[in-house]
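Secondary and tertiary structure notes
One-letter residues, chain by chain:
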Amino acid sequence: MKTIAYIVQKEFKQIFRNKGMLPIIFILPILQLVILSNAATYEVKNIKFAYIDSDHTSTSRELVEKFNASTYFNVLADFDSHDQASSAMLAGDVDVILEIPNNFERHLLKEKKASLSLIINAIDGAAAGVESGYVNQIVQNYNQNIKTELMDASQKAVQPVSIVSIPSFWYNVTLDYKTFMVPGILVLLVTMITLFLSGMNIVREKEIGTLEQMNVTPIRKSQFIIGKLFPFWIIGMGLLTIGLILAKVIFNIPMVGSLLLLYGYTSIYILVVLGMGLFISNFTDTQQQAMFISWFFVVIFILMSGLFTPIESMPKWAQIITEFNPVKYFVEIVRMVLLKGSGPLDILPQVLKTLLYAIVMNGLAVWSYKKVS
Amino acid sequence: MKTENVIEAKALTKKFGDFTAVNKISFEIKKGEIFGFLGANGAGKTTAMKMLIGISKPTSGQANVAGFDVYTQTENIKKNIGYMSQKFALYDDLTVRENITFFGGIYGLSRKRIKEKTQQLVSELGLEEIKHQLVGSLPLGWKQKLSFSVSLLHEPRIVFLDEPTGGVDPITRRQFWEMIYKAADRGTTIFVTTHYMDEAEYCDRVSIMVEGKIEALDTPKELKKQFKVDSMNDVFLRLARNIE
Ligand SMILES: Nc1ncnc2c1ncn2[C@@H]1O[C@H](COP(=O)(O)OP(=O)(O)OP(=O)(O)O)[C@@H](O)[C@H]1O
Ligand SMILES: [Mg+2]
């Protein structure tokens, strides 16, 4: 215990003495959060909207009126036939076509439910996801009993998705994409910085030769590792705190759920990241190598985390891979807890998977750390 | 008095792939002895030393250090030895005092003991004015002396010094050797590598390693007699030439 305290003390001294490192730890995250959150927005405006109203009732007209009233949609035209609408989309004149079927109103009144079909130009997949979310939002606001059915626009085999539902939109009622992105970017920042710092820190000792000096002392492997990683665990939690404060102060992100829960989860999550950092540093000899490999993983993890591309719109094999992505779980949890107010039971599956990940990752890292070569 | 062997190596060997860096070296070193471990660049000195201090597993052969086996009891060895690597290995971004505190701490010295040791060290090395300076800003000679003192903090039975005086001026080298003698007088065994042949003369016994093998091992006096030369320098050259 005392040995660990000596190591932790030394680490903190070195971290805070390193004038090149401090800005990386504290200034970069702030910039990152502010810039990325503003730039990486899903917001799609001026969507070229057309509709086919085969119902011609007050209900259908009212629905179309909702789209007219929305700032996101530009209602361009109404088409008489499906073919007409499709060719307009092929020509690129229309992004979204809503088809209101015959007997729409009747179904709604009689059976308390009705369907709409929706055709979206999905050349830009991300935009399409957002557009379908918007449409759903408007339709749901108008009447909870209506379901939209996503149709295949082109004749080519684009996977038909029968019912569109992107749950995350439901908890972001104002459709403010900052609300959606900021928690995600918070995840990115905590992950990247703790991974880079921890990975490079140990390799640095290898480079300057002090690691060898450590290995000749009687300190135990576990003491050394805990002493080395604990400061970065603290820094990770600190980053989360800075991020949350910024999210509240600058972006006014709603924080519906329990922050305690979020901190609890993060404390486990950071262990995964630190395990990775240590693992990487065990297999690299220079800081550049460690940096490069960390980047490689971070980029994959982030692209496959559901942060920028919805996991639902990934191919099946990619979706399976995302199961092994801790960042995905963190993104889910942050959004669930902050925006949706999910409780411990709701996030239990993610917590367990993260915990398992932490155990495996740290096990591997400790196992591969060798005092003797 | 000096009969107890603190280091024993028998046919100790280290291979990297099919390259043999250390080839069946054998020797015995007694308590309190200053043992000079000589050899040209790349002879295998550092590699041999790393096996003895328990951070590199031998390929074959046996060795005991402070009575512990280098294969199975490395952690016990580590409690009983000090090591000063060829590469300067204190923390440049910590002050003199912080380095002493840190290394004292991880060797399990009490706070009180660390304080005493720090005071003693600082006054012995004349570091009073600079004890709050970062080690990185010190001249090399001071760094080396500090590094040696730190390796002695926990009062190890044996201290391994890998080219401790490389690149240091003659006066500092002289002071350094005075420190070595002082430690040896207290009963610490010194295992030291060097490229300076005048330093070889200061050792109780020396071994000369050529391409992984120990080609000669005796007191400097005996070696000079054996090769019929006046200085260790000539002994060294003789040996190197014989091999060529
Ligand atoms: N990890 C390693 N892998 C492969 N070869 C190595 C390794 N470590 C050392 N060697 C080789 O073993 C030989 C002996 O190296 P060593 O560092 O022990 O020499 P040395 O006597 O200490 O030399 P110097 O006086 O330059 O410090 C060298 O040829 C070196 O290249
Ligand atoms: Mg060497």
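What counts, and at which threshold
- Residues numbered from 1 in each chain as written.
- Chains lettered and ligands numbered in written order.
- Predicted model: local features only at pLDDT ≥ 70, side-chain atom pairs only at ≥ 80, totals over all residues.
- Heavy atoms only, no water.
- Helix = DSSP H or I, 4+ residues; strand = E, 2+ residues; numbered from the N terminus.
- Buried < 20%, exposed > 50% of the residue type's maximum accessible area, 1.4 Å probe, protein only.
- Donors = N, O, S within 2.8 Å, 3.2 Å for Na, K, Ca; no water.
- UniProt positions renumbered as here; feature names shortened; annotations may be inferred.
- Contact = heavy atoms within 4.5 Å.
- Axes fitted to C-alpha atoms, helices over the stretch in contact; angles between N-to-C directions.
- Parallel < 35°, antiparallel > 145°, perpendicular 65-115°, else oblique.
- Left-handed = near helix turned anticlockwise from the far one by under 90°.
- Nonpolar A, V, L, I, M, F, W, Y, C, P; charged D, E, K, R; others polar.
- Phe/Tyr/Trp six-rings, centres within 6.5 Å; stacked < 30°, edge-to-face > 60°.
- Lys NZ or Arg CZ within 6 Å of the ring centre and 35° of its normal.

**A closer look at unusual backbone geometry**
All names here are of chain A. At Asn 103, a position not held by glycine, the phi torsion is positive, near 65°. Within the secondary structure layout, Asn 103 lies in the loop between strand 3 (96-100) and helix 5 (104-111). You can call Asn 103 partly exposed: its relative accessible area is 32%.

**What to know about the coordination of the magnesium ion (ligand 2)**
All names here are of chain B. Within the protein, Thr 46 (OG1) and Gln 86 (OE1) serve as the donor atoms for the magnesium ion (ligand 2), at 1.8 to 2.3 Å. You can see Thr 46 sitting in helix 1 (residues 45-52) and its partner Gln 86 sitting in the loop between strand 6 (81-84) and helix 3 (96-106), a full 40 residues away along the chain. Overall, the relative accessible area of 41% leaves Gln 86 in the partly exposed class.

**Regarding the UniProt feature "transmembrane region" (unreviewed entry) in chain A**
Sequence positions flagged by UniProt for "transmembrane region" (unreviewed entry) are, in local numbering, residues 21-40, 180-203, 224-247, 259-280, 292-311 and 347-369 of chain A. Along residues 259-280 of chain A the backbone is 100% helical and 0% strand, and the end-to-end C-alpha distance reaches 31 Å.

**Looking at the environment of Ala 40 of chain B**
All names here are of chain B. Tracing the chain through its elements places Ala 40 in the loop between strand 3 (34-39) and helix 1. Given a relative accessible area of 41%, Ala 40 falls into the partly exposed group. As a C-alpha pair, Ala 40 and Val 210 span 170 residues in sequence and 6.9 Å in three-dimensional space. Residue contacts for Ala 40: discarding those within four places in its chain leaves Lys 45, His 195, Met 209 and Phe 236.

**Points about the packing of helix 1 (residues 2-17) of chain A against helix 10 (residues 221-249) of chain A**
All names here are of chain A. Relative orientation of the contacting elements helix 1 and helix 10 amounts to 45°, with a least axis distance of 8 Å. Between helix 1 and helix 10, the crossing angle belongs to the class labelled oblique. Seen along the crossing, helix 1 lies across helix 10 with a hand that is right-handed. Where helix 1 approaches helix 10, its residues Thr 3, Ile 4, Ile 7, Val 8, Lys 10, Glu 11, Phe 12 and Ile 15 are matched on the opposing element by Gln 223, Phe 224, Ile 226, Gly 227, Lys 228, Phe 230, Pro 231, Phe 232, Ile 234 and Ile 235. Its residues assigned to classes, the contact of helix 1 with helix 10 comprises twelve nonpolar, three polar and three charged.

**Digging into the packing of aromatic side chains**
If you walk through the whole model with that rule in mind, you get 29 aromatic pairs over all chains. Plain terms: the ring middles of Phe 73 of chain A and Tyr 134 of chain A are 6.3 Å apart, the flat faces sit at 80° to each other, and that makes the pair edge-to-face. A residue pair is termed long-range when its members are at least 10 positions apart, and Phe 73 of chain A in strand 2 (residues 73-78) and Tyr 134 of chain A in helix 6 (residues 125-142) qualify at 61 residues. The exposure class assigned to Phe 73 of chain A is buried, which follows from its relative accessible area of 3%. Since its relative accessible area comes to 1%, Tyr 134 of chain A is described here as buried. Here a set of aromatic residues connected by ring pairs shows up, and it is made of Phe 49, Tyr 51, Phe 67, Tyr 72, Phe 73 and Tyr 134 of chain A. Its end group placed over the ring of Phe 88 of chain B, Lys 143 of chain B keeps NZ or CZ at 5.0 Å from the ring centre. In this structure, Arg 173 of chain B is placed above the aromatic ring of Tyr 196 of chain B, and the distance from its NZ or CZ to the ring centre is 3.7 Å.

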